[in-house]
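Listed here are the chains, written in short residue letters.
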Amino acid sequence: MDAAGHIALRPATRADFDLIRRWLARPDVQDWWGPVSATEAEVNMALGSGHAICRVIEVDGVAVGYAHAVDATLWGENLPDELEPGTWDLDLFIAAEDQRGRGVGQIALAKLREEVFATTLAVAVCVFPSVKNERAVRAYEKAGFRWQRVWHDPQTGPAWFMVARRGE
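Residues numbered from 1 in each chain as written. Predicted model: local features only at pLDDT ≥ 70, side-chain atom pairs only at ≥ 80, totals over all residues. Heavy atoms only, no water.

Draft legend 1. A look at the layout of surface pockets. Of the pockets and cavities examined, the largest pocket occupies roughly 1200 Å³. Lining the largest pocket are 44 residues; nearest its centre among them are W32, W33, D91, L92 and Y140. When residues of the lining of the largest pocket are traced back to their parent elements, those giving at least two are helix 2 (27-33), helix 3 (36-47), strand 4 (87-94), helix 4 (104-119), helix 5 (134-142) and strand 6 (146-153). In the lining of the largest pocket, the residues fall into 23 nonpolar, eleven polar and ten charged. (1 Å grid on protein atoms, 1.4 Å probe; cavity = no way out; pocket = protein on both sides within 12 Å on 5 of 7 lines; lining within 4 Å. Points joined across faces, edges and corners; volume = space filled by probe spheres on them. Helix = DSSP H or I, 4+ residues; strand = E, 2+ residues; numbered from the N terminus. Nonpolar A, V, L, I, M, F, W, Y, C, P; charged D, E, K, R; others polar.)

Here's what the structure looks like:
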């Protein structure tokens, strides 16, 4: 048990899509995840892929957010040149405002990272937080991600390209 309560990641299914869509439509989630049309397509692609791990983040059994890990090659060619083959992209958000700033995102990120390394042959995991989202960048640093460079995300603009390698 931590300060936020018991944090768990449960498999996200198609039945969760309406809840996830409502979260994605919120302006505070769009600020960091991007426009609804793009993020809905991203989640839909992840839910339908055999190369993705999709999770609903729960605190004490209550759904508070969404996370996924996707083999980065699924996103196509528009990726940093220095992204190593075998790298998985992690994304998450905490939709429940009362759970933000309590370590839920950091714990969920650590659990998702552990699951990727335990269940795939991924050589590394990466994240692309907006340069404006200092809270997320600090959480990623604490979780072992290291800055590579600023990369221009076509949906959300300038973002840090951050990587954590297996075994680090």
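Moving on from the model shown.
Draft legend 2. Fine view of the pattern of salt bridges. Tallied over the full model, the rule gives ten salt bridges. Measuring nitrogen to oxygen at the nearest pair gives 2.7 Å for the salt bridge that ties D28 to R100. Placement of the pair is D28 in helix 2 and R100 in the loop between strand 4 and helix 4, with a sequence separation of 72 residues. Taking the relative accessible area as the measure of exposure, D28 reaches 21% and is therefore partly exposed. Because the salt bridges share partners, they merge into one network encompassing R26, D28, E97 and R100. (Salt bridge = Lys/Arg side-chain N within 4 Å of Asp/Glu carboxyl O. Buried < 20%, exposed > 50% of the residue type's maximum accessible area, 1.4 Å probe, protein only.)

Draft legend 3. Molecular detail of the sheet that holds strand 3 (residues 62-71). The strand order 1-2-3-4-5-7-6 describes an open sheet built from seven strands, whose pairing is mixed. Since the sheet does not close on itself, it has two edges, and those belong to strand 1 (7-11) and strand 6, each with one partner. Each adjacent strand pair in this sheet contributes to an overall mean axis angle of 30°, direction not counted. Bridge count for strand 5 (residues 124-127) against strand 7 (residues 157-165) is four bridges, and the pairing is antiparallel. What sits directly across from V127, in strand 7, is M162. (Pairing = 2+ DSSP bridges. Axes fitted to C-alpha atoms, helices over the stretch in contact; angles between N-to-C directions.)

Draft legend 4. Layout of helix 3. Here helix 3 spans 16 Å end to end across twelve residues, near enough to the 16 Å set by a 1.5 Å rise per residue. Regarding helix 3, the residues found buried are T39, E40, E42, V43, A46 and L47. All buried residues of helix 3 lie within an arc of 160° about the axis, which places them on one face of the element. Contact partners of the buried residues in helix 3: helix 1 (17-24), helix 2, strand 2 (52-59), strand 3 and strand 4. (Expected span 1.5 Å × (residues − 1). Arc of directions from axis to C-beta. Contact = heavy atoms within 4.5 Å.)

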